[in-house]
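Residues per chain, in single letters:
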Number of protein chains: 2
Amino acid sequence: MSLPRNTKAKQAVLDEINRSTYALSQPELFERVKGTCDRVTVYRILDRLVAENKIHRIVNVDGTLNYAACNQCDTHNTHAHDHLHFSCLECKKIECLSEQSVHVQLPSHYQIKELFLTISGICPTCQGG
Amino acid sequence: MSLPRNTKAKQAVLDEINRSTYALSQPELFERVKGTCDRVTVYRILDRLVAENKIHRIVNVDGTLNYAACNQCDTHNTHAHDHLHFSCLECKKIECLSEQSVHVQLPSHYQIKELFLTISGICPTCQGG
DNA sequence: TAATTAATGCAACCTAGTTGCGTTTTGCAA
DNA sequence: TTGCAAAACGCAACTAGGTTGCATTAATTA
Ligand SMILES: [Mn+2]
Ligand SMILES: [Mn+2]
Ligand SMILES: [Zn+2]
Ligand SMILES: [Zn+2]
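Everything quoted here is computed from the prediction, not taken from an experiment. (Residues numbered from 1 in each chain as written. Chains lettered and ligands numbered in written order. Predicted model: local features only at pLDDT ≥ 70, side-chain atom pairs only at ≥ 80, totals over all residues. Heavy atoms only, no water.)

### Examining the protein's contact with DNA strand D
R39 of chain A together with R5, T41, R44 and R48 of chain B are the nearest of the 25 residues found near DNA strand D. The contact atoms of DNA strand D, taken as those within 4 Å of the protein, divide so that sugar and phosphate hold 58%. R5 of chain B places a main-chain nitrogen or oxygen 2.6 Å from a phosphate oxygen of DNA strand D. Note that a base oxygen of DNA strand D is positioned 2.7 Å from one of the side-chain N or O atoms of R44 of chain B. Of all the secondary structure elements, the ones that give two or more residues to the surface near DNA strand D are α2 (26-32) and α3 (39-51) of chain A together with α3 (39-51) of chain B. (Near = heavy atom within 4 Å. Polar contact = N/O pair within 3.5 Å; in protein donor to acceptor, adjacent residues only side chain to side chain. Helix = DSSP H or I, 4+ residues; strand = E, 2+ residues; numbered from the N terminus.)

Here you go:
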């Protein structure tokens, strides 16, 4: 693989992701870094950041792709994203739930690669009291 | 809600879904029922079948929407889709894993509505021996 | 500072899904 | 059996998210 370079746009996108408490979509990110680069560039930056294990891609329950910081990953080498995600039906935000243990009765004859676990419902903020 | 009607197209789509061993996308379904109706009609039929609890919608790990028969649902009234799904990285097919128990340490302060659980990996067929 | 090539901008394209509206069918009732 | 209301449909136009090709710009490293 070719060695990655650091650019203003790449840093701007990564900053926005790190700053956010929930996962952001490409349209949301493009809106936030508007002026620094083209929308196509945001797509390419996101692909690279995922490949570099700096962020991870979360599929929401409606199929939209979102990107979040790797908070629960101490090192970016080993990357087991078997943590839970929570998707709020009210504010539509999806976030990582760190350290939530999940026990899955693994199916036999299937070769497991990764787990995708998302709970939908209402987040604490939207319950408002 | 208005009372649903039965049409040739609706029956054709439902038959394809029931016949399949894995979940099908709208493009796949349109291909299979080609000639019986317009592609827009397939979208509308799928929405209705989901609303009528005849099928359920599965979001694959890449964000694509797929539709599968409600095999594990004895009655179509109560509809708790907390079963596992398996998504094959090789053949790209996604299927329901019936009766696989999942134990999730529920997060406090969050109001749970539904569980979305998908395992990615290699299916028995694609392991080929 | 110059060379290498990763990263970008831009235009064009693609796929999945939606919307509006006039027409056709379905199911039910007279 | 026929008539009617509205569910379902076809078609065209549109939208959103994402991709691709290619010429140009800019980050690294020597
Ligand atoms: Mn991570
Ligand atoms: Mn079901
Ligand atoms: Zn919320
Ligand atoms: Zn497979």
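### Quick look at the coordination of the zinc ion (ligand 3)
Residue and element names in this part refer to chain A. Around the zinc ion (ligand 3), the protein contributes the donor atoms C88 (SG), C91 (SG), C123 (SG) and C126 (SG), which lie 2.2 to 2.5 Å from the metal centre. Around the zinc ion (ligand 3), the four donor atoms sit at angles spanning 104 to 124 degrees, and that spread fits a shape best called tetrahedral. Look at where the donors of the zinc ion (ligand 3) fall in the sequence and you get C-x2-C-x31-C-x2-C. (Donors = N, O, S within 2.8 Å, 3.2 Å for Na, K, Ca; no water. Tetrahedral: all angles 85-135°; square planar, octahedral: opposite > 155°, others 65-115°.)

### What about the interface of chain A and chain B?
Contacts between the two partners involve 36 residues from chain A, matched on the other side by 36 residues from chain B. Taken over both partners, the interface formed by chain A and chain B buries close to 2,900 Å², and the fraction arising from carbon and sulfur atoms is 60%. On the chain A side of the interface with chain B, the three residues burying the most area are Y110, Q111 and F116 of chain A, jointly 21% of the side's total. The interface formed by chain A and chain B includes zero salt bridges. The tally of links from chain A across to chain B stands at twelve residue pairs in polar contact (both at pLDDT 80 or more). With twelve residues, strand β6 (residues 111-122) of chain A is the single largest residue contributor to the side of chain A that touches chain B. (Contact = heavy atoms within 4.5 Å. Buried area = accessible area lost by both parts, 1.4 Å probe. Salt bridge = Lys/Arg side-chain N within 4 Å of Asp/Glu carboxyl O.)

### Considering the nonpolar core
Side chains of a nonpolar character, in soluble globular proteins, are inclined to be buried together. One finds L84 and F86 of chain A together with L84 and F86 of chain B to be the most contacted residues of the largest nonpolar core, which totals 22 residues. Within the residue set of this core, elements represented by two or more residues are β3 (84-88), β5 (102-104) and β6 of chain A together with β3 (84-88), β5 (102-104) and β6 (111-122) of chain B. Among the nonpolar cores identified, the runner-up in size contains 18 residues, and L14, I17, V42 and Y67 of chain A belong to it. (Core = buried A, V, L, I, M, F, W, Y, C linked by side-chain atoms within 4.5 Å. Buried < 20%, exposed > 50% of the residue type's maximum accessible area, 1.4 Å probe, protein only.)

### Re unusual backbone geometry
Unlike most non-glycine residues, K92 of chain A shows phi in positive territory, near 65 degrees. The exposure class of K92 of chain A is exposed, given its relative accessible area of 59%. Residues other than glycine seldom take positive phi values, yet H109 of chain B does so here, at roughly 70 degrees. Topologically, H109 of chain B is positioned in the loop between β5 and β6.

### So, the protein's contact with DNA strand C
Surveying the vicinity of DNA strand C reveals 24 residues, the closest of which are R5, T41 and R48 of chain A together with R5 and R39 of chain B. Restricting the count to atoms of DNA strand C within 4 Å of the protein gives a sugar and phosphate share of 62%. The separation between a phosphate oxygen of DNA strand C and a polar side-chain atom of Y43 of chain B is 3.3 Å. One nitrogen or oxygen atom from the side chain of R44 of chain B is found 3.4 Å from a base oxygen belonging to DNA strand C. Of all the elements in the fold, those that place two or more residues in the surface near DNA strand C are α3 of chain A together with α2 (26-32) and α3 of chain B. Sort the elements by how many residues they give to the surface near DNA strand C and α3 of chain A lands first, with six residues.

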